[in-house]
Amino acid sequence: MDKDIKKRNEAYNKYVKEKIPKTKPWPSLFNSFWVGGVICCIGQGINDLILLAFPNMAQANAWAYTLIALIFLASFLTGIGVYDKIGKFAGGGSIVPITGFSNSITSPALEFKHEGIIYGICVKMFTVAGPVIVTGVVASIVVGIIYLFL
């Protein structure tokens with residue numbers, strides 16, 4: 001029985017290896033790096049424009065509005081299908097924390113909207129982002145408890 005399972009596993013691994021698309025690591029890393037940098041520069045530019053338009057605004061408030069703008073832009077670009085093309089080209093560079101998170105919530109919501117608001121959008125919206133949120137909360141609790149006793 002073990003030999004049978006081992007043979008099937010080897011056959012499956014061979015099949016998967018044949019189907020995985022081949023990528024060139026250095027161009028992928030370069031594209032990831034510069035696209036992520038451009039996204040961060042756009043965020044800094046938005047922040048600078050907000051501070052320029054509202055000179056009496058506190059820096060913390062300007063960053064809050066910058067995050068709102070970046071979340072909106074990423075969701076909008078996901079909705080019109082542009083962010084997926086950026087993600088395909090840039091790989092990990094498009095997952096700059098706030099824009100990648102926005103994309104991971106917007107994509108399932110759009111995909112399952114035909115199932116209705118409750119059972120489609122609301123239920124499926126956090127299928128990708130939900131585990132990330134749970135892991136972050138649990139990790140922060142563990143770190144907080146460790147910090148408490150140190």
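Residues numbered from 1 in each chain as written. Predicted model: local features only at pLDDT ≥ 70, side-chain atom pairs only at ≥ 80, totals over all residues. Heavy atoms only, no water.

A. Structural view of the packing of aromatic side chains. If you walk through the whole model with that rule in mind, you get two aromatic pairs. A ring pair is formed by W34 and F89, whose centres lie 6.0 Å apart and whose planes are at 70°; its orientation type is edge-to-face. With W34 in helix α2 (residues 25-53) and F89 in helix α4 (residues 82-90), this residue pair connects regions lying 55 residues apart in the sequence. Measuring from centroid to centroid gives 6.0 Å for F72 and F76, while their planes differ by 20°, and the two rings are stacked. Of this pair, F72 and F76 both sit in helix α3 (residues 59-79), four residues apart, which is roughly one turn of the helix. Judged by its relative accessible area of 54%, F72 falls in the exposed class. A cation over an aromatic ring shows up here: K124 above the ring of F112, its NZ or CZ 5.1 Å from the ring centre. (Phe/Tyr/Trp six-rings, centres within 6.5 Å; stacked < 30°, edge-to-face > 60°. Helix = DSSP H or I, 4+ residues; strand = E, 2+ residues; numbered from the N terminus. Buried < 20%, exposed > 50% of the residue type's maximum accessible area, 1.4 Å probe, protein only. Lys NZ or Arg CZ within 6 Å of the ring centre and 35° of its normal.)

B. Inspection of the layout of surface pockets at higher detail. Here the largest pocket is characterised by a volume of approximately 200 Å³. Looking at the largest pocket, the residues that line it are W34, V35, V38, I39, I42, L70, L73, A74, L77, Y83, I86 and T99. Elements supplying a minimum of two residues to the lining of the largest pocket: α2, α3 and α4. (1 Å grid on protein atoms, 1.4 Å probe; cavity = no way out; pocket = protein on both sides within 12 Å on 5 of 7 lines; lining within 4 Å. Points joined across faces, edges and corners; volume = space filled by probe spheres on them.)

C. Representation of the environment of I86 in the model. Tracing the chain through its elements places I86 in helix α4. Measuring from C-alpha to C-alpha, the distance between I86 and V38 comes to 12 Å, with 48 residues separating the pair along the chain. The residues contacting I86, other than those within four sequence positions of it, are V35, G91 and S94. (Contact = heavy atoms within 4.5 Å.)

D. Summary view of the state of the cysteines. Per the stated rule, a full pass over the model turns up zero disulfides. Free of any disulfide, C40 has its nearest cysteine sulfur in C41, 7.1 Å distant. For C40, a relative accessible area of 46% corresponds to the partly exposed category. (Disulfide = S-S within 2.5 Å.)

E. Examining the packing of α2 against α4 more closely. At a closest axis distance of 8 Å, the pairing of α2 and α4 adopts a crossing angle of 135°. When the axes of α2 and α4 are compared, the pair comes out oblique. For the pair α2 and α4, the contacting residues are S28, N31, S32, W34, V35 and I39 in the first and Y83, I86, F89 and A90 in the second. Of the residues that constitute the contact of α2 with α4, the class distribution is seven nonpolar, three polar and no charged. (Axes fitted to C-alpha atoms, helices over the stretch in contact; angles between N-to-C directions. Parallel < 35°, antiparallel > 145°, perpendicular 65-115°, else oblique. Nonpolar A, V, L, I, M, F, W, Y, C, P; charged D, E, K, R; others polar.)

F. Inspection of the pattern of salt bridges at higher detail. All told, the structure shown has one salt bridge when counted by the stated rule. Across the pair R8 and D4 runs a salt bridge whose closest N-O atoms are separated by 3.6 Å. One end of the pair is R8 and the other is D4, both in helix α1 (residues 2-19) and four residues apart, which spans about a single turn. (Salt bridge = Lys/Arg side-chain N within 4 Å of Asp/Glu carboxyl O.)

G. Quick look at α1. Taking 1.5 Å per residue as the helical rise, α1 with its 18 residues ought to reach 26 Å, and the 26 Å between its terminal C-alpha atoms agrees with that figure. When you tally the buried positions in α1, you get zero out of 18 residues, a small fraction of the element. (Expected span 1.5 Å × (residues − 1).)

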